[in-house]
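One letter stands for each residue in the lines below.
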Amino acid sequence: MDKLLVSKRMKGRLVQNAILQAIFFFATVLGLIALMLLLSHVVMQAIGWLDGDFLNNFPSRRPEEAGMKSGLIGSLWLMMIVAPVSFILGVGTAIYLEEYALKNRFTAFIQTNISNLTGVPSIVFGLLGLTIFVRELGLGRSVLAAGLTMSLLVFPVIVVAAQEAIRAVPQQLREASYAMGATKWQTICRVVLPAALPGMLTGAILALSRAVGETAPLVVLGIPTFIAYLPSGVLDTFTVMPLQIYNWTGRPQEEFQHVAAAGIVVLLGFLIMMNSVAVLIRNKFQKRF
Amino acid sequence: MMATKTKETKVAPLTVGSTAAMPTAESGEAKGVVYETKDLNLWYGEHHALKHIHLTIYENKVTAIIGPSGCGKSTYIKTLNRMVELVPNVRIAGHLAYRGRNIFDPSYPVEQLRTQIGMVFQKPNPFPKSIYDNIAYGPRIHGIRNKKVLDEIVEKSLRGAALWDEVKDRLRDHAYGLSGGQQQRLCIARCLAIEPDVILMDEPTSALDPISTLKIEELIQELKKQYSIIIVTHNMQQAARISDKTAFFLNGEVIEYAETSKLFSNPADQRTEDYITGRFG
Ligand SMILES: Nc1ncnc2c1ncn2[C@@H]1O[C@H](COP(=O)(O)OP(=O)(O)OP(=O)(O)O)[C@@H](O)[C@H]1O
Ligand SMILES: [Mg+2]
């Protein structure tokens, strides 16, 4: 190599590196600033409106009395359906695809479709839910209908996350188990699932937080946005936090913008909590093989 | 005629065309014989990895399998407990009887076969569980729940693998806290816990330091009193030190199979001689 040429070009390379580093840094900061502005705007608006009463009151025509109770409890009801249904279906599908299914074209076809489902707009799931659960099965605008619709929405996300978790379990562990005369199910149940569980849970919680934040499918289902009582069963109608917020933002009175901001803060707090749990699980069980 | 296998759960009955011509097939076991291999062939897709293998493996002996890389040693040993069928697109044809019973017979569940055959892998592969739970894994999957019985099995297996004294105070610790050599002996203990008849070992010391290797070699000498051991090794001194019989594989064929002392001192085949004297491989 020509040493002279190398040192001549050195300066250009260093400058190039510095410029690109600055661009990347700027991109990162820009995103952060936008997020901060948004958050601080919402929080400022919510100040003075977000208190114990806000969490304990039902929505009301009068902004001072309006509260989030029905939305908050409604979101919890929704999670109670979505969490078990989507987790069992999603993990079951992932186990089937990874451990049982033959690696043939049919499996590849199913796999492609599941991956594609993650890209389907949520409103389409709403239409599906409206047709099947609300109308065909006659569940009405109930917790159950909404829960099943949301389960379908997050199902592909959970499948993909669970598949990745299963694939991360080293093959040698399965071999050790099979070589001792374990059946497939024993191997899955005692070796694969315990090792894959943290990854599956992380994926499931993130999927669940998506379900809690989704609005569009529930609008299509016709879930009410203003309800002043709590559901007493899964067949009752209900509302959820994002719908409640949507209702408030649509009101003409200036005060309701503050109520909506308070609602957004509650919803965000709820989601951040869920995501933190997911991160905690991930960190606790990282690097185990 | 060959049976096609893709996945373990879908094992098709293996019908061997020439069974009728092999009277020993199901007609009961010859005394002292563990495995009878006759004209065994195996393909990975189109690749013919085992070619017309004939090999008889005897009880309470250490049988070493040597040969250059890629000659089919692991493939053969994995066929003995049918683990090779976990590989997609494997085809097997020929006769392989364990204790007089055709191991490919559909009425012979593969789980039952593997309960008789312990396996130790090249890389130590303990489960991400405690030392105790690693050993208790086998007994538990076979339905043993009683705590006292499990305790006894764990102690006996760890003693059998010469590991008890090192770990008896930390049975509840995670197995990954053990050294590589200890982990490998843990894997041996784990396979002793199912009280197998045969132990298959695929290069069990290749990932270990000389002292751990020595320990495992001593252990093998101890184990052969009770078990029949088949060991794949790249280390010819090791084969000469620990085995009673040695099979030399080359390109998927058995070139020579004889008493270890005979094979190493006076090989019958030129290719065997070339290999053990280090002229190729
Ligand atoms: N899963 C597989 N799929 C396709 N071909 C394979 C597979 N495993 C092994 N083979 C091929 O079969 C032949 C025998 O492989 P095998 O692993 O039995 O060799 P080996 O004697 O154990 O070698 P080594 O000493 O390197 O472990 C090789 O040519 C290898 O490439
Ligand atoms: Mg090998």
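Keep in mind that what you see is a predicted model, and the values were worked out from it rather than measured.

## Details of the site of ligand 1
All names here are of chain B.
- Around ligand 1, the structure places 13 residues, and the nearest of them are S69, K73, S74, T75 and H234.
- E203 places a side-chain nitrogen or oxygen 3.4 Å from an oxygen atom of ligand 1.
- When ligand 1 sits alone it has 630 Å² of accessible area, and the protein chains cover 64% of it.
- Of all the secondary structure elements, the ones that give two or more residues to the shell around ligand 1 are β3 (47–58) and α1 (73–80).
- Broken down by element, the residue count for the shell around ligand 1 peaks at 3 residues, all from α1.
- Residue composition of the shell around ligand 1, grouped by class: 4 nonpolar, 7 polar and 2 charged.

## Let's talk about the nonpolar core
Residue and element names in this part refer to chain A.
- Ranked by internal contacts, the top residues of the largest apolar core, which has 50 residues, are V212, L218, M241 and W248.
- Within the residue set of this core, elements represented by two or more residues are α1 (3–46), α3 (69–100), α5 (122–136), α6 (143–167), α8 (184–213), α9 (216–221), α10 (241–249) and α11 (255–284).
- No other element matches the 12 residues that α11 contributes to this core.
- The contacts of M241, once residues within four sequence positions are left out, are M68, G71, L72, S75, V212, V266, L267 and F270.

## Section: the UniProt feature "transmembrane region" (unreviewed entry) in chain A
- UniProt feature "transmembrane region" (unreviewed entry): in the numbering of this structure it lies at residues 20–50, 70–97, 117–137, 143–166 and 259–281 of chain A.
- Annotated as 100% helix and 0% strand, the span residues 143–166 of chain A places its first and last C-alpha atoms 32 Å apart.

## Here we look at the interface of chain B and chain A
- Contact residues are listed per partner, giving 29 residues for chain B and 22 residues for chain A.
- Both faces considered, chain B and chain A share a buried interface measuring about 2200 Å² in area, 62% of it formed by carbon and sulfur atoms.
- Linking chain B with chain A are 0 salt bridges.
- Elements supplying a minimum of two residues to the side of chain B that touches chain A: α2 (110–116), β7 (117–120) and α3 (131–141) of chain B.
- A total of 4 residues in the side of chain B that touches chain A trace back to one element, the largest contributor, which is α3(B).
- Of the residues assigned to the side of chain B that touches chain A, the class counts are 12 nonpolar, 7 polar and 10 charged.

## A word on the pairing of strand β10 (residues 245–250) of chain B
Residues and elements named next belong to chain B.
- Counting buried positions along β10 yields 6 of 6 residues, so the element is predominantly enclosed.
- Of the two faces of β10, the one lined by K245, A247 and F249 and the one lined by T246, F248 and L250 are each fully buried.
- Relative to β10, strand β4 (residues 62–66) is paired through 4 bridges, and the arrangement is parallel. Bridging across to β10, I66 finds its partner in F248.
- The antiparallel hairpin formed by β10 and strand β11 (residues 253–259) contains 2 residues in its connecting segment, where N251 sits at a positive phi of about 50 degrees.

## Remarks on the UniProt feature "domain: ABC transmembrane type-1" (unreviewed entry) in chain A
- On the UniProt side, "domain: ABC transmembrane type-1" (unreviewed entry) is annotated at positions that read residues 72–277 of chain A here.
- Helix makes up 77% of residues 72–277 of chain A and strand 0%, whereas the separation of the span's terminal C-alpha atoms amounts to 19 Å.

## Considering the domain arrangement of chain A
Residues and elements named next belong to chain A.
- For chain A, the assigned domains are domain 1 (2–46) and domain 2 (53–285).
- Using C-alpha coordinates to define each centre, domain 1 is positioned 36 Å away from domain 2.
- Contact residues are listed per partner, giving 5 residues for domain 1 and 7 residues for domain 2.
- Interface area for domain 1 against domain 2, summed over the two sides, is near 470 Å², with a carbon-plus-sulfur share of 74%.
- Ranking the residues of domain 1 by area buried against domain 2 places V42, Q45 and A46 at the top, with a combined share of 84%.
- At the junction of domain 1 with domain 2, the criterion picks out 0 salt bridges.
- Taken together, the residues of the side of domain 1 that touches domain 2 break down into 4 nonpolar, 1 polar and no charged.

## Some words on the confidence of the model for chain B
Residues and elements named next belong to chain B.
- In the predicted model, chain B carries a mean pLDDT of 88, and 89% of its residues have values of at least 70.
- Of all helices and strands in chain B, the one with the weakest mean pLDDT is strand β1 (residues 3–5) (42), whereas β4 scores best (97).
- With pLDDT under 50 throughout, residues 1–27 is counted as low confidence; its partners more than four residues away or in other chains account for 58 contacts.
- Confidence estimates for the predicted assembly give a pTM of 0.82 and an ipTM of 0.86.

## Some thoughts on the sheet that holds strand β9 (residues 228–232) of chain B
All names here are of chain B.
- Read across the sheet, 6 strands follow the order β7-β8-β9-β4-β10-β11 without closing on themselves; strand pairing throughout is mixed. The two strands at the open ends of the sheet, each matched to only one other strand, are β7 and β11. If you compare each strand with its neighbour and ignore which way they point, the axes differ by 15 degrees on average.
- Inspection of the sheet shows strand β8 (residues 198–202) paired to β9 by 5 bridges, in the parallel sense. By the bridge assignment, M201 is partnered in β9 with I231.
- Contacts from helix α6 (residues 180–192) reach β7 and β8, with the element oriented near 170 degrees to β7.
- Strands in contact with helix α7 (residues 210–223) are β4, β8 and β9; relative to β9, the strand with the most contacts, it is inclined by about 150 degrees.

## With respect to the packing of aromatic side chains
- Within this structure, the stated rule accounts for 5 aromatic pairs over all chains.
- Ring centres of B:Y76 and B:F249 lie 5.6 Å apart, and the angle between their planes is 45 degrees; on these two criteria the pair is classed as tilted. Of this pair, B:Y76 sits in helix α1 while B:F249 sits in strand β10; the two residues are 173 residues apart in sequence, bridging distant segments of the chain. For the residue pair B:Y76 and B:F249, the accessibility class agrees, reading buried in each case.
- Positioned above the aromatic ring of A:F256 is the side chain of A:R251, whose terminal nitrogen or guanidinium carbon lies 4.8 Å from the ring centre.
- The ring of B:Y132 has B:R172 lying over it, and the distance from NZ or CZ to the ring centre is 4.1 Å.

## Details of the side chain of A:S70
All names here are of chain A.
- The residue S70 is located in helix α3 in this model.
- Taking relative accessible area as the criterion, S70 reaches 2% and is therefore assigned buried.
- A polar contact of 2.9 Å, which involves the side chain of S70, links it to the backbone oxygen of I227.
- For S70, the residues in contact, after removing those within four places along its chain, are F58, P59, I227, Y229, L230, T239 and Q244.

## Here's the deal with the side chain of B:R99
- Within the element layout of this structure, B:R99 appears in the loop between β5 (90–98) and β6 (101–102).
- Polar side-chain contacts of B:R99 include one of 2.8 Å to the side chain of B:D197.

## Considering α6(B)
All names here are of chain B.
- For α6, built from 13 residues, the straight-helix expectation of 18 Å at 1.5 Å per residue is met to within 8% by its first-to-last C-alpha distance of 18 Å.
- A large share of α6 lies buried, amounting to 12 of its 13 residues.
- G181, Q182, Q183, Q184, R185, L186, C187, I188, A189, R190, C191 and L192 are the residues of α6 that are buried.

Rules and cut-offs
- Residues numbered from 1 in each chain as written.
- Chains lettered and ligands numbered in written order.
- Predicted model: local features only at pLDDT ≥ 70, side-chain atom pairs only at ≥ 80, totals over all residues.
- Heavy atoms only, no water.
- Near = heavy atom within 4 Å.
- Polar contact = N/O pair within 3.5 Å; in protein donor to acceptor, adjacent residues only side chain to side chain.
- Areas by Shrake-Rupley, 256 points an atom, 1.4 Å probe, with all protein chains shown as cover.
- Helix = DSSP H or I, 4+ residues; strand = E, 2+ residues; numbered from the N terminus.
- Nonpolar A, V, L, I, M, F, W, Y, C, P; charged D, E, K, R; others polar.
- Core = buried A, V, L, I, M, F, W, Y, C linked by side-chain atoms within 4.5 Å.
- Buried < 20%, exposed > 50% of the residue type's maximum accessible area, 1.4 Å probe, protein only.
- Contact = heavy atoms within 4.5 Å.
- UniProt positions renumbered as here; feature names shortened; annotations may be inferred.
- Buried area = accessible area lost by both parts, 1.4 Å probe.
- Salt bridge = Lys/Arg side-chain N within 4 Å of Asp/Glu carboxyl O.
- Pairing = 2+ DSSP bridges.
- Domains from an automatic or database assignment.
- pLDDT = per-residue confidence, 0-100.
- Axes fitted to C-alpha atoms, helices over the stretch in contact; angles between N-to-C directions.
- Phe/Tyr/Trp six-rings, centres within 6.5 Å; stacked < 30°, edge-to-face > 60°.
- Lys NZ or Arg CZ within 6 Å of the ring centre and 35° of its normal.
- Expected span 1.5 Å × (residues − 1).

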